[in-house]
Amino acid sequence: MLIGEVARRSGVSARMLRHYDSLGLVRPTGRTGGGYREYADEDIRRIFHVESLRSLGLSLQEVGRALDDPGFAPSKLVDDLIRRTRERIAAETALLTRLSRIDAAEPAGWEDVLQVVALLQGLGSESAGKRQRAALYSGSSASSASSASSGSSAKEAAVPVEALVEAALSETDPHVAGALRWALAQSGDEGLALLAEGLGSPVAAVRRRAVRSVAEFPGGEATALLRDALTDSDVVVRRCAALALGARGVADAVPTLVAMVVDGANDVDAADALRTLATGPATPDLSAPTDRPAPPDRTTSPDQIVSPDRTTPADRIAAALVDRLARRAGGSSVRRRLTQALAEIPGATATQALADLSHDQDRAVALTASYVLTLRATGQDDARP
């Protein structure tokens, strides 16, 4: 069979068949009287074998070895092909992701494209300083874009929120992580849905980064996510959520905050959050169902807000602290921390508990309680920040 007919039947071009011949990969068995290549049935079978192996990604040299070396073992080469294919897919996926993010940035021109590429490269840099600068610039760009929407300035090209979320959920440097959380907060609520996915990650470290990022967002949607995080299996996630919720005036955080005081984990911050819940202005819980009673006026002190059982938020928080004191578990250090936290809580329940603690066998506990009672008696306690 002449080369033209072989090319038609095999789908391999005549030029490629000549190339195979020059490499010694597929040499025609004979020649016609006029010197034309003539292929036998065995030659055609070899052509199909070559094409089959090439379809797996083998080079022509590897194909030749596979067909001509009787001792050639395919397993090592196949493993290598799998590795190379995975690397190629990973590279193509990364390129696709980058292109998608550039498209999401809606660049107006090539200058914007180059700016977004530079920011993406900065976020992926091995240098923490470069990552931090990229995050800060991204946050500034997002803020400018928000201003531009109200007509105050021209829109700047910015890194898409997905890239910021991905960076925030993987960042280990605390300074860079803080810059990324700030940048995300400037982007509005768009990133909350992606951060919610991070809160569902099976990796605790990712959930911790996600909850810290969510804490930077105001509003009911973020509050709802933080409330869900109070039931997370990871104690660090629960504690981060509780501190953020305490600052928002959400009472659901009280049990976790009290536990933090007991455990000595960010106990000072936890005590401050409890004081905020007990003494700060009432904050509407935007995540609560609409059929709940309306939140009290902001000018009303929590000590004047009485629940159906006639107890105030301060009384309920003080009761929770007293309950832990009554258990007498954890030794004197726990009792001292609980007493110090109780000293931050106003109201009759806390005052009575401090009066009892002023006679405590632990001298440090008794002195702390007595000192706070003195301040309360002179009115100085109310003046503390």
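Residues numbered from 1 in each chain as written. Predicted model: local features only at pLDDT ≥ 70, side-chain atom pairs only at ≥ 80, totals over all residues. Heavy atoms only, no water.

A.B. asks: How would you summarise the overall build of the protein chain if you had to cite specific residues and measurements?
C.D. replies: Secondary structure assignment for the protein chain yields 19 helices and 2 strands. Residues classed as buried in the protein chain amount to 39% of the 385 residues present. The long-range share in the protein chain, meaning contacts at least 24 apart out of those at least 6 apart in sequence, stands at 53%. Within the structure as shown, the protein chain displays about 21,200 Å² of accessible surface, and the carbon and sulfur contribution to it stands at 53%. (Helix = DSSP H or I, 4+ residues; strand = E, 2+ residues; numbered from the N terminus. Buried < 20%, exposed > 50% of the residue type's maximum accessible area, 1.4 Å probe, protein only. Contact = heavy atoms within 4.5 Å. Areas by Shrake-Rupley, 256 points an atom, 1.4 Å probe, with all protein chains shown as cover.)

A.B. asks: A description of unusual backbone geometry should follow, citing residues and the corresponding values.
C.D. replies: Both trends apply: most residues other than glycine have a negative phi, and most peptide bonds are in trans. In this model, N266 sits at a positive phi of 50 degrees, which is unusual for a non-glycine residue. With respect to the helices and strands, the residue N266 is situated in the loop between α14 (254-263) and α15 (267-279). For N266, a relative accessible area of 45% corresponds to the partly exposed category.

A.B. asks: Any chance you could break down the confidence of the model for the protein chain for me, citing the residues and the numbers?
C.D. replies: For the protein chain, mean pLDDT is 84; residues scoring 70 or higher make up 85% of the total. For the stretch residues 148-154, pLDDT sits under 50, and the model shows 6 contacts to residues farther than four places along the chain or on other chains. (pLDDT = per-residue confidence, 0-100.)

A.B. asks: I'd love a proper account of the packing of helix α1 (residues 3-10) against helix α2 (residues 14-23), names of residues and values included.
C.D. replies: For any two helices packed against each other, one specifies the crossing angle of their axes together with the interaxial distance. Packing of α1 against α2 brings their axes to within 9 Å, and their N-to-C directions diverge by 110 degrees. Comparing the axis directions of α1 and α2 gives the class roughly perpendicular. Relative to α2, the crossing made by α1 is right-handed. Across the interface between the two elements, I3, V6 and A7 from α1 touch A14, L17 and R18 from α2. Residues belonging to the contact of α1 with α2 are distributed by class as follows: 5 nonpolar, no polar and 1 charged. (Axes fitted to C-alpha atoms, helices over the stretch in contact; angles between N-to-C directions. Parallel < 35°, antiparallel > 145°, perpendicular 65-115°, else oblique. Left-handed = near helix turned anticlockwise from the far one by under 90°. Nonpolar A, V, L, I, M, F, W, Y, C, P; charged D, E, K, R; others polar.)

A.B. asks: Give a detailed account of the nonpolar core, specifying residues and quantitative values.
C.D. replies: Core analysis: the biggest nonpolar cluster contains 74 residues, and L257, L274, L321, L342 and I345 have the highest contact counts within it. Beyond its immediate chain neighbours, meaning those up to four positions away, L342 contacts A318, L321, V322, L325, A350, A353, L354, L357 and R376. By size, the runner-up hydrophobic cluster in this structure holds 17 residues, among which are V6, Y39, I47 and V63. (Core = buried A, V, L, I, M, F, W, Y, C linked by side-chain atoms within 4.5 Å.)

A.B. asks: Any details on helix α18 (residues 348-357)? Residues and values, ideally.
C.D. replies: Those residues of α18 lying buried are A350, A353, L354 and L357. The buried side chains of α18 occupy one side of the element, clustering within an arc of 100 degrees when seen end-on. Lining the buried residues of α18 we find α16 (313-327), α17 (332-342) and α19 (363-378). (Arc of directions from axis to C-beta.)

A.B. asks: With reference to specific residues and values, describe the environment of L230.
C.D. replies: For L230, the location among the structural elements is in the loop between α12 (220-229) and α13 (235-248). When the C-alpha atoms of L230 and T256 are compared, they prove to be 7.8 Å apart, with 26 residues separating the residues in sequence. Dropping the residues within four chain positions of it, L230 is found in contact with R238, A241, A242, L245, D252, A253 and T256.

A.B. asks: Lay out the environment of R337 in plain terms, naming residues and giving numbers.
C.D. replies: Among the structural elements, R337 can be located in helix α17. R337 sits 76 residues away from V261 along the chain, and the two C-alpha atoms are 6.2 Å apart. Filtering out sequence-adjacent residues up to four positions away, R337 remains in contact with V261, V262, D263, G264 and D267. Of the polar contacts made by the side chain of R337, one reaches the backbone oxygen of V261; its length is 2.8 Å. Within the structure, the side chain of R337 is placed 2.6 Å from the backbone oxygen of V262, a separation counted as a polar contact. (Polar contact = N/O pair within 3.5 Å; in protein donor to acceptor, adjacent residues only side chain to side chain.)

A.B. asks: How would you explain the pattern of salt bridges if you had to name every residue and give the values?
C.D. replies: Tallied over the full model, the rule gives 19 salt bridges. For D263, the salt bridge identified is with R239, shortest N-O distance 3.4 Å. Placement of D263 in helix α14 and of R239 in helix α13 is noted, with a sequence separation of 24 residues between them. For D263, a relative accessible area of 48% gives the class partly exposed. Residues participating in the shared-partner salt-bridge network are E62, D80, R83, R84 and E87. (Salt bridge = Lys/Arg side-chain N within 4 Å of Asp/Glu carboxyl O.)

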